[in-house]
There are 2 protein chains.
Amino acid sequence: MSTVLDENTTATAPEGRKGLREGAFGNARSLACRECGHEVELGPSYACPECFGPLEVAYDYPAVTREEIAAGPANIWRYKALLPVPDDIEQSPNTEPGFTRLLKAHNLGRELGIDNLWVKDDSTNPTNSFKDRVVACALSAARELDAKVFACPSTGNLANAVAAAGARAGIPTVVFIPSNLETPKKVNSAVFTEKLVAVDGNYDDVNKLASEIAGEEEGWAFVNVNVRPFYAEGSKTLGYEIAEQLGWRLPDQIVIPVASGSQLTKVDKAFQELIKLGLVEDKPYKVFGAQATGCSPVSAAYKAETDAIRPVKPDTIAKSLAIGNPADGIYVLDICRKSGGAVEDISDDEVREGIILLARTEGIFTETAGGTTVGVLKKLVETGQLDTSLETVVINTGHGLKTLDSVSDRVGPAATIAPSYDAFVAANIL
Amino acid sequence: MSTVLDENTTATAPEGRKGLREGAFGNARSLACRECGHEVELGPSYACPECFGPLEVAYDYPAVTREEIAAGPANIWRYKALLPVPDDIEQSPNTEPGFTRLLKAHNLGRELGIDNLWVKDDSTNPTNSFKDRVVACALSAARELDAKVFACPSTGNLANAVAAAGARAGIPTVVFIPSNLETPKKVNSAVFTEKLVAVDGNYDDVNKLASEIAGEEEGWAFVNVNVRPFYAEGSKTLGYEIAEQLGWRLPDQIVIPVASGSQLTKVDKAFQELIKLGLVEDKPYKVFGAQATGCSPVSAAYKAETDAIRPVKPDTIAKSLAIGNPADGIYVLDICRKSGGAVEDISDDEVREGIILLARTEGIFTETAGGTTVGVLKKLVETGQLDTSLETVVINTGHGLKTLDSVSDRVGPAATIAPSYDAFVAANIL
């Protein structure tokens, strides 16, 4: 069924590009089809030539020790042996994302009645979302494939991450966005690149245009299109970090937001790799997926006990989760069901409440995606789907400064007073 | 001249508070007057009772090794032996700031003609500015002094940091802001605390009110007023990190923004401590201060070759640097002059250019303060004040998402196109 490639096979260079250097993708062996197992050479491919299933990176795993990892840098490259990147990756300019805080959430745990709760906070990444992780891996692939242009279609976090990484790497970077995007999101990409292209259309139109360009033009690396298998591997580092920061231990339960579903499946892949490599003890863990009700095709399928994910037209404030036809939804269902977890969804009002709850309890200002995850965590407790006696991790994927409007009407000064001590006393603040 | 306290002396607890526990302030010995050297017991004091000079924390320095530091957490507490915090500081909920990226700035260096340039990027701290460092130290002091309320007057970064840290610590937190503050800055504090107080007046009015409350009320810890000596020590960690991340070496030159001047003096203090402790080689280094021309009292005094700093009424977009009467200005002058550095200032237009320059070259979106520092770096090169052959570090203190308006008119889409490949080709983006 699968074609195991000789380790010394040199992948064919895409037209117009130089040959790959040795070790360009580290310990990665091939791109393997998630459906049929067929393996193809490492390169800018993303669909299986046999069955059109999604390709993902397969490895000849090396022996890795906790000590070797701990001796690495305080960013994702400490795990470079488990990523499709060369051994000298630290020498190439990149944004150096990762190794973000894992905070013990005493207050939020008390509020929700969970004994042992942690927040993995990816809002402190270079451009303030987990996208910096995946983009760093895509950038390495683009460089090794000798791409002329680094690019993406996006409405927000991904655009910021690609524009920043491209600037730092000194590679021409083109970011495509819908022309009606809010000014702050435009600025946060335009500040990094002169080549921001506004497209008169919705996100689907932008996405379609990107695929067309990827097909027509030579040497373009679209991070979430033709180098997607390399890109997606970056999310594994969230899983590695959680395990390492817990003292090389897997949590009992983990709650992860679901957009395409890629992040959830890659965190699970990371945990499985750590078990396989003997870096953590093999133990069961439950995986939970979080969606906003306005875009909850995976949660709907989970609740209907079916594998048939019906695409939806998104209508939610959680725009970074608003993928109506999630590519990895089927794998999310599989992982959540087999692990004893669940997929759950909440209303936009509950998303807003989740943002404020996390801020007030743990001092973390999350975007709507994080509000969704925290709100779903709350609902999982209330509905008895989550075991409150087990060690639980919840992932915050981005920063509230990017979705300020979602809560700006809900919070504000407790009082407005004259500048005098008497006025302060009269306001009775405490 | 100075009263050396017995190490076993227990500091008098402020009225209404419990006695201090042993080791409450780690290896800190006393508060020593920067002017006359007089030492007072550790507590919520900030002015010398003898001469009204500023008090700063003095230590009985322990032996510390590079290995002990490297074995610590990836945040400021790896340096806890050199901070006024207890040995078990990691056990108390705090935002865990620090150990931010030190990026080799190849592109910016090439652009400016500097051979060996680094950017220390503090925009990736928990609330996206260096203030998280100082607030974490102030929070520890507030806790050890058994403060009832954690508070500050502020217009921006400090408010965010105090509100977030207070929420996480679970201590009642009151933040005072001018009532005419922009909505984003309000939201970014209000999301963390219900006790945001808007004051009808300018920042000076708010500040005066805070001092009045600190004098009248018992048990309030105003981070930048009555626990300021502890607070200010947090900035030393910027200096420690730079040296450690360079491989335990001091840079030849460093460029630091100047508001009150505290950060610059504390980075210098950190370098001197590292030399004294044998953690780095003793070598000369030049310190440069950066101001915006619209609030440049220290730069003006430097250029006039005088020690007399004339207070100014700030008029600049670099609001986080807009302190017209900088408390540590005189020490900034002293350090910059003695080290062979300088203090320089630039126009608001140059501040905006600095923001875009850093974003386009290194993928870092800085606020106006960072734009000031990068712009001053450029001017120092152009005026021959900085030696371009020497290893140089420039500090970025905060995030561009907080001062978005400063550049939103200057950057934008290169083109707006129809959603078709033909339209893309016609736009000739590359």
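Bear in mind the structure is a predicted one, so any value in this text is a computation, not a measurement.

Remarks on the overall build of chain A
Thinking step 1. Tallying secondary structure elements over chain A gives 15 helices and 14 strands in all.
Thinking step 2. The C-alpha radius of gyration of chain A comes to 22 Å, within 12% of the 22 Å expected for a compact globule of 430 residues.
Thinking step 3. Structurally, chain A occupies a C-alpha span of about 75 × 50 × 45 Å along its principal axes.
Thinking step 4. Across the 430 residues that make up chain A, the buried fraction comes to 62%.
Thinking step 5. Contacts in chain A between residues far apart in sequence, at least 24 positions, make up 69% of those at least 6 positions apart.
Thinking step 6. Carbon and sulfur atoms make up 46% of the accessible area of chain A, which amounts to about 15400 Å² in all.
Thinking step 7. Between the centroid of the 41 positive side chains of chain A and the centroid of its 59 negative side chains there is a distance of 2 Å.

A look at the sheet that holds strand E7 (residues 173–178) of chain B
Thinking step 1. With parallel pairing, 5 strands are arranged side by side in an open sheet as E14(A)-E8(B)-E7(B)-E6(B)-E9(B). The sheet is open, and its two borders are formed by strand E14 (415–417) of chain A together with strand E9 (220–222) of chain B, each paired with just one other strand. Between one strand and the next, the sheet's axes are offset by a mean angle of 25°, whatever the strand orientation.
Thinking step 2. Sheet topology places strand E6 (residues 149–153) of chain B next to E9 of chain B; 3 bridges connect them, and they run parallel. For Val149 of chain B, the partnering residue across the bridge sits in E9 of chain B and is Trp220 of chain B.
Thinking step 3. Packed on one face of the sheet, helix H6 (residues 203–216) of chain B meets E14 of chain A together with E6, E7, strand E8 (196–199) and E9 of chain B and runs near 150° to E7 of chain B.

A short note on the relation of the copies chain B and chain A
Thinking step 1. Superposition record for chain B on chain A: RMSD 0.0 Å, screw rotation 180°, translation along axis 0.0 Å. Both copies of the chain, as the preceding transformation shows, are related through a two-fold rotation axis. Every residue of chain B has its C-alpha some distance from the rotation axis, and the shortest such distance is that of Thr124 of chain B, at 2.5 Å.

Things to note about the sheet that holds strand E13 (residues 392–396) of chain B
All names here are of chain B.
Thinking step 1. Strand order in this open sheet of 6 strands is E4-E5-E13-E10-E11-E12, and the pairing throughout is mixed. The open sheet has two edge strands with one neighbour each: strand E4 (102–104) and strand E12 (342–346). Neighbour to neighbour, the strand axes of the sheet diverge by 25° on average, direction disregarded.
Thinking step 2. Bridge count for strand E10 (residues 253–257) against strand E11 (residues 286–292) is 5 bridges, and the pairing is parallel. Each residue of the ladder has a partner; that of Ile254, found in E11, is Val287.
Thinking step 3. Here helix H12 (residues 348–362) sits on the sheet and contacts E4, strand E5 (117–121), E11 and E12; the angle it forms with E12, its principal contact strand, is near 100°.

Overview of helix H11 (residues 329–339) of chain A
Thinking step 1. When H11 of chain A is considered as a whole, its buried residues turn out to be Gly329, Tyr331, Val332, Leu333, Ile335 and Cys336 of chain A.
Thinking step 2. In the segment just after H11 of chain A, Gly340 of chain A is the residue with positive phi, at about 90°.

Describing the interface of chain B and chain A
Thinking step 1. Counting from both sides, the interface comprises 78 residues of chain B and, opposite them, 78 residues of chain A.
Thinking step 2. With both sides pooled, the region where chain B packs onto chain A buries about 6200 Å², and carbon together with sulfur makes up 66% of that total.
Thinking step 3. For the interface between chain B and chain A, the tally reads 4 salt bridges.
Thinking step 4. Notably, a salt bridge pairs Glu194 of chain A with Arg360 of chain B, separated by 3.7 Å at the nearest N-O pair.
Thinking step 5. Linking chain B with chain A are 26 residue pairs in polar contact (both at pLDDT 80 or more).
Thinking step 6. In terms of residue class, the side of chain B that touches chain A is made up of 44 nonpolar, 19 polar and 15 charged.
Thinking step 7. Of the strand pairs in this sheet, E14 of chain A and E8 of chain B are connected by 3 bridges, and their pairing is parallel. Residue pairing across strands places Thr416 of chain A opposite Ala198 of chain B, the latter belonging to E8 of chain B.

Quick notes on the packing of aromatic side chains
Thinking step 1. A full pass over the atoms with the stated rule returns 22 aromatic pairs over all chains.
Thinking step 2. When the ring of Tyr79 of chain A is compared with that of Tyr240 of chain A, the centres are 5.1 Å apart and the planes differ by 40°; the resulting orientation is tilted. With Tyr79 of chain A in the loop between helix H1 (66–70) and strand E4 (102–104) and Tyr240 of chain A in helix H8 (residues 236–245), the pair connects residues that are 161 residues apart, well separated along the chain.
Thinking step 3. Taking 6.2 Å as the distance between ring centres and 75° as the angle between the ring planes, the aromatic pair formed by Phe365 of chain A and Phe192 of chain B counts as edge-to-face. Of this pair, Phe365 of chain A sits in the loop between helix H12 (348–362) and helix H13 (368–382) while Phe192 of chain B is found in the loop between helix H5 (183–190) and E8, placing the two residues in two different chains.
Thinking step 4. The exposure class of Phe365 of chain A is buried, given its relative accessible area of 4%.
Thinking step 5. Taking the ring centre of Tyr331 of chain A as reference, the NZ or CZ of Arg34 of chain A above it sits at 4.0 Å.

Observations concerning empty space enclosed by the protein
Thinking step 1. Applying the stated criterion to the full structure yields 4 cavities of 30 Å³ or more.
Thinking step 2. Considering only enclosed or pocket space, the largest cavity measures out at about 50 Å³ in volume.
Thinking step 3. If you go around the largest cavity, the residues you meet are Ser123, Gly363, Ile364, Phe365 and His399 of chain A together with Pro126, Thr127, Asn128, Asn160, Asn188 and Phe192 of chain B.
Thinking step 4. Tallied by class, residues from the lining of the second largest cavity come to 4 nonpolar, 6 polar and no charged.

A word on the UniProt feature "modified residue: N6-(pyridoxal phosphate)lysine" (unreviewed entry) in chain A
Residues and elements named next belong to chain A.
Thinking step 1. In the numbering used here, UniProt assigns the feature "modified residue: N6-(pyridoxal phosphate)lysine" (unreviewed entry) to Lys131.
Thinking step 2. Mapped onto the secondary structure, Lys131 falls in helix H3 (residues 131–144).
Thinking step 3. For Lys131, the residues in contact, after removing those within four places along its chain, are Asn157, Leu158, Ala161 and Tyr231.

Some points on the side chain of Thr265 of chain B
Thinking step 1. Turning to its location among the elements, Thr265 of chain B is positioned in helix H9 (residues 262–276).
Thinking step 2. Setting aside anything within four residues of it in sequence, one finds Thr265 of chain B in contact with Arg34, Asp328, Tyr331, Val332 and Ile335 of chain B.

Here's the deal with the pattern of salt bridges
Thinking step 1. One pass over the full model with this rule turns up 62 salt bridges over all chains.
Thinking step 2. Arg133 of chain B serves as the salt-bridge partner of Asp122 of chain B, at 2.6 Å between the closest nitrogen and oxygen. A residue pair is termed long-range when its members are at least 10 positions apart, and Asp122 of chain B in the loop between E5 and helix H3 (131–144) and Arg133 of chain B in helix H3 qualify at 11 residues.
Thinking step 3. Taking relative accessible area as the criterion, Asp122 of chain B reaches 0% and is therefore assigned buried.
Thinking step 4. Given the relative accessible area of 0%, Arg133 of chain B is considered buried.
Thinking step 5. Overlapping salt bridges, with partners in common, bring together Arg34, Glu56, Glu233, Lys236, Lys266, Lys269 and Glu273 of chain A in one network.

Brief notes about the nonpolar core
Thinking step 1. Counting residues in each nonpolar core, the largest one holds 106 residues, and the members touching the most others are Phe25 and Phe150 of chain A together with Phe25, Val135 and Phe150 of chain B.
Thinking step 2. Once residues within four sequence positions are removed from consideration, Val135 of chain B is found in contact with Phe150, Leu158, Ala161, Val162, Ala165 and Tyr231 of chain B.

Quick notes on H12 of chain A
All names here are of chain A.
Thinking step 1. With 15 residues, H12 should reach 21 Å at 1.5 Å per residue; the first-to-last C-alpha distance of 21 Å fits that figure.
Thinking step 2. For H12, the set of buried residues is Val351, Arg352, Gly354, Ile355, Ile356, Leu357, Leu358, Ala359, Thr361 and Glu362.
Thinking step 3. Downstream of H12 by a residue or two, Gly363 has a phi angle that is positive, lying close to 70°.

A look at the domain arrangement of chain A
Residues and elements named next belong to chain A.
Thinking step 1. Domain parsing of chain A yields domain 1 (1–60), domain 2 (102–128 + 235–408) and domain 3 (131–228).
Thinking step 2. Measuring from the centre of the C-alpha atoms in domain 1 to the corresponding centre in domain 2 gives 30 Å.
Thinking step 3. Contacts between the two partners involve 6 residues from domain 1, matched on the other side by 6 residues from domain 2.
Thinking step 4. Contact with domain 2 buries area across many residues of domain 1, yet Arg34, Glu56 and Tyr59 alone supply 73% of it, more than any other trio.
Thinking step 5. There are 2 salt bridges connecting domain 1 and domain 2.
Thinking step 6. In this structure, Glu56 and Lys266 form a salt bridge, with 2.9 Å as the shortest nitrogen-oxygen distance.
Thinking step 7. Counting across the domain 1 and domain 2 interface gives 4 residue pairs in polar contact (both at pLDDT 80 or more).
Thinking step 8. Tallied by class, the residues present in the side of domain 1 that touches domain 2 amount to 3 nonpolar, no polar and 3 charged.

Rules used in this analysis
Residues numbered from 1 in each chain as written. Chains lettered and ligands numbered in written order. Predicted model: local features only at pLDDT ≥ 70, side-chain atom pairs only at ≥ 80, totals over all residues. Heavy atoms only, no water. Helix = DSSP H or I, 4+ residues; strand = E, 2+ residues; numbered from the N terminus. Rg over C-alpha atoms; globule rule 2.2 N^0.38 Å. Buried < 20%, exposed > 50% of the residue type's maximum accessible area, 1.4 Å probe, protein only. Contact = heavy atoms within 4.5 Å. Areas by Shrake-Rupley, 256 points an atom, 1.4 Å probe, with all protein chains shown as cover. Lys, Arg positive; Asp, Glu negative; His and termini not counted. Charge placed at Lys NZ, Arg CZ, Asp CG, Glu CD. Pairing = 2+ DSSP bridges. Axes fitted to C-alpha atoms, helices over the stretch in contact; angles between N-to-C directions. Least-squares fit on C-alpha atoms with pLDDT ≥ 70 in both. Buried area = accessible area lost by both parts, 1.4 Å probe. Salt bridge = Lys/Arg side-chain N within 4 Å of Asp/Glu carboxyl O. Polar contact = N/O pair within 3.5 Å; in protein donor to acceptor, adjacent residues only side chain to side chain. Nonpolar A, V, L, I, M, F, W, Y, C, P; charged D, E, K, R; others polar. Phe/Tyr/Trp six-rings, centres within 6.5 Å; stacked < 30°, edge-to-face > 60°. Lys NZ or Arg CZ within 6 Å of the ring centre and 35° of its normal. 1 Å grid on protein atoms, 1.4 Å probe; cavity = no way out; pocket = protein on both sides within 12 Å on 5 of 7 lines; lining within 4 Å. Points joined across faces, edges and corners; volume = space filled by probe spheres on them. UniProt positions renumbered as here; feature names shortened; annotations may be inferred. Core = buried A, V, L, I, M, F, W, Y, C linked by side-chain atoms within 4.5 Å. Expected span 1.5 Å × (residues − 1). Domains from an automatic or database assignment.

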